[in-house]
Amino acid sequence: MKKKVAFYTLGCKLNFSETSTIARNFTDEGFERVDFSEEADMYVINTCSVTDNADKKFKTIVKKAQKVNPEAFIAAVGCYAQLKPEELADVDGVDLVLGATEKFKITDYINDLTKSDHGKVHSCEIADADFYVGSYAIGDRTRAFLKVQDGCDYKCTYCTIPLARGISRSDTLENVLKNAADISKQGIKEIVLTGVNIGDYGKGEFGNKKHEHTFLDLVQALDNVEGIHRLRISSIEPNLLKNETIEFVAESKTFVPHFHIPLQSGSDSLLKLMKRRYMTNLYQERVCKIKEVMPNCCVGVDVIVGFPGETEEHFLETYHFLNDMDISYLHVFTYSERDNTPAASMEGVVPNKVRNKRSKMLRGLSVKKRRAFYESQIGNELTVLFEGENKEGYIHGFTENYVKVKSPWNPELVNTLHQVKLTEIDNDGLVRFSFINEKVEV
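To keep things clear, this report deals only with the structure shown in the data block. (Residues numbered from 1 in each chain as written. Predicted model: local features only at pLDDT ≥ 70, side-chain atom pairs only at ≥ 80, totals over all residues. Heavy atoms only, no water.)

1. Looking at unusual backbone geometry
- Although it is not a glycine, Asn340 adopts a positive phi angle of roughly 65 degrees.
- In this structure, Asn340 sits in the loop between β15 (329-334) and α12 (352-377).
- If you check the backbone angles, Glu392 has positive phi at about 55 degrees while not being a glycine.
- Residue Glu392 is classed as exposed on the basis of its relative accessible area, which comes to 80%. (Helix = DSSP H or I, 4+ residues; strand = E, 2+ residues; numbered from the N terminus. Buried < 20%, exposed > 50% of the residue type's maximum accessible area, 1.4 Å probe, protein only.)

2. Side note on helix α6 (residues 173-185)
- In this model α6 runs 19 Å from its N-terminal to its C-terminal C-alpha over 13 residues, within 8% of the 18 Å that 1.5 Å per residue would give.
- Residues of α6 that are buried make contact with β7 (136-138), β8 (143-147), β11 (190-194) and α7 (215-222).
- One or two positions beyond α6, positive phi appears at Gly187, with a value near 80 degrees. (Expected span 1.5 Å × (residues − 1). Contact = heavy atoms within 4.5 Å.)

3. Re the nonpolar core
- Counting residues in each nonpolar core, the largest one holds 64 residues, and the members touching the most others are Leu193, Phe259, Leu322 and Leu362.
- In contact with Leu322, other than residues within four places in its own chain, are Leu263, Val301, Val303, Ile327, Leu330, Leu362, Leu365 and Lys369. (Core = buried A, V, L, I, M, F, W, Y, C linked by side-chain atoms within 4.5 Å.)

4. Focus on the pattern of salt bridges
- As enumerated under the stated definition, the model contains 27 salt bridges in all.
- The salt bridge partner of Lys115 is Asp95, with a shortest N-O separation of 2.6 Å. Placement of Lys115 in the loop between β5 (96-98) and β6 (120-122) and of Asp95 in the loop between α4 (85-89) and β5 is noted, with a sequence separation of 20 residues between them.
- For Lys115, a relative accessible area of 27% translates into the label partly exposed.
- Two residues, Glu375 and Arg371, come together in a salt bridge whose shortest N-O distance is 3.2 Å. Of this pair, Glu375 and Arg371 both sit in helix α12, four residues apart, which is roughly one turn of the helix.
- Note on Glu375: relative accessible area 45%, which makes it partly exposed.
- Through salt bridges with shared partners, a single ionic network connects Glu18, Lys103, Lys147, Asp150, Arg165 and Arg169. (Salt bridge = Lys/Arg side-chain N within 4 Å of Asp/Glu carboxyl O.)

5. Observations concerning the packing of aromatic side chains
- Scanning the model with the defined rule gives 17 aromatic pairs in all.
- Seen from their ring centres, Phe386 and Phe433 are 5.9 Å apart, and the 50 degrees between their planes marks the pair as tilted. Of this pair, Phe386 sits in strand β16 (residues 381-386) while Phe433 is found in strand β20 (residues 431-435), placing the two residues 47 residues apart along the sequence. Each member of the pair, Phe386 as well as Phe433, is classed as buried.
- Through successive ring pairs, a cluster of aromatic residues spans Phe7, Phe26 and Phe31.
- If you follow Lys406 out to its NZ or CZ, it ends over the ring of Tyr394, 4.0 Å from the centre. (Phe/Tyr/Trp six-rings, centres within 6.5 Å; stacked < 30°, edge-to-face > 60°. Lys NZ or Arg CZ within 6 Å of the ring centre and 35° of its normal.)

6. A few points about the side chain of His314
- Checked against the element boundaries, His314 lands in helix α11 (residues 312-324).
- Its relative accessible area of 18% is what places His314 among the buried residues.
- From its side chain, His314 meets the backbone nitrogen of Thr311 in a polar contact 3.1 Å long. (Polar contact = N/O pair within 3.5 Å; in protein donor to acceptor, adjacent residues only side chain to side chain.)

Dropping the structure here:
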């Protein structure tokens with residue numbers, strides 16, 4: 001009988017891509033992969049440590065696994081496992097904790113699946129995380145997350161990612177192109193590029209500071225890989241999103257008109273406290289440039305509320321800055337103190353009640369922005385890639401510029417591209433459409 005293994009991923013698209021790679025290692029070792037809700041001999045939880053909630057959720061996930069199989073071997077990997085390995089090892093039911101460099105060699109650490117009284121820890125000094133492991137995730141049949149870069153050399157005062165993932169380093173261009181070609185051969189229509197700081201691509205490509213390729217080189221090369229229908233850039237720092245890249249995407253065969261650009265604050269004084277590498281004027285310039293060459297482009301924004309020292313005036317500065325800009329949606333993060341970060345000891349702590357109120361206001365603004373963007377797209381002829389899930393009798397899909405559409409469930413539409421005309425916004429905020437002609441490509 002094959003041993004069964006199940007995986008649970010907390011956090012970002014990058015974590016999902018790495019979980020997939022780890023899962024393939026298990027399959028190569030003769031394990032059978034099953035869903036996390038099913039009984040397994042081993043459960044692997046890929047952790048996140050961006051917010052306090054991600055930390056707390058870990059214990060809930062462990063209990064979920066124990067409920068299905070109390071005798072199962074439980075391993076924790078990922079960012080939280082690197083930052084606080086002993087804390088995770090102390091959680092009841094956890095048998096193995098692997099840090100940043102060890103997680104990709106997890107099968108080497110499993111002699112048998114016998115449970116122990118206390119979790120064993122194998123965790124490196126983060127300075128040792130200086131080599132690159134490529135990965136990609138195939139979550140469903142429609143899109144894949146392709147990791148191109150890892151780690152970060154930035155020193156943002158609220159962020160633990162450099163402590164959890166190490167220095168900035170990149171996959172070789174040759175290997176990225178190989179992985180992209182492999183993905184396209186599996187009939188997947190869309191690839192999403194992921195990394196910690198993908199605009200920094202090229203750095204550490206050869207295991208040292210030698211820097212041959214840039215992010216622009218990467219997107220230009222990927223645009224020529226045969227068989228890929230869509231390429232999407234997941235998130236890129238405004239200071240690293242150059243005009244040349246924006247102009248290239250506007251003319252590209254496969255890159256879609258969608259950017260996700262972290263802002264974090266619309267107040268220059270707070271951006272300085274955060275040690276971000278740009279001011280609001282540069283951010284505004286980037287958005288204006290995008291809209292100039294791609295008027296229908298979708299622009300998503302990350303923003304943090306409740307950072308230490310954020311007064312009501314600072315918050316309103318952020319609110320008005322975002323309200324006045326031609327953006328499409330927000331990802332709102334409520335600031336939470338992280339150990340070993342400069343921000344955790346800064347003065348001007350914002351009460352949780354105030355943080356939550358500000359978060360609610362920006363989430364409301366996001367709903368308004370998304371609605372306005374969707375309304376601006378009504379009447380446009382776009383291409384939809386349909387997803388694989390039946391959601392209460394409907395199939396969902398995304399246009400190239402990230403408008404979410406719905407239609408009565410039809411399994412024949414799954415993982416197909418169709419030209420449509422957007423017609424109206426439904427009561428749930430999703431967009432209805434009419435088909436223009438037959439599918440673009442099966």
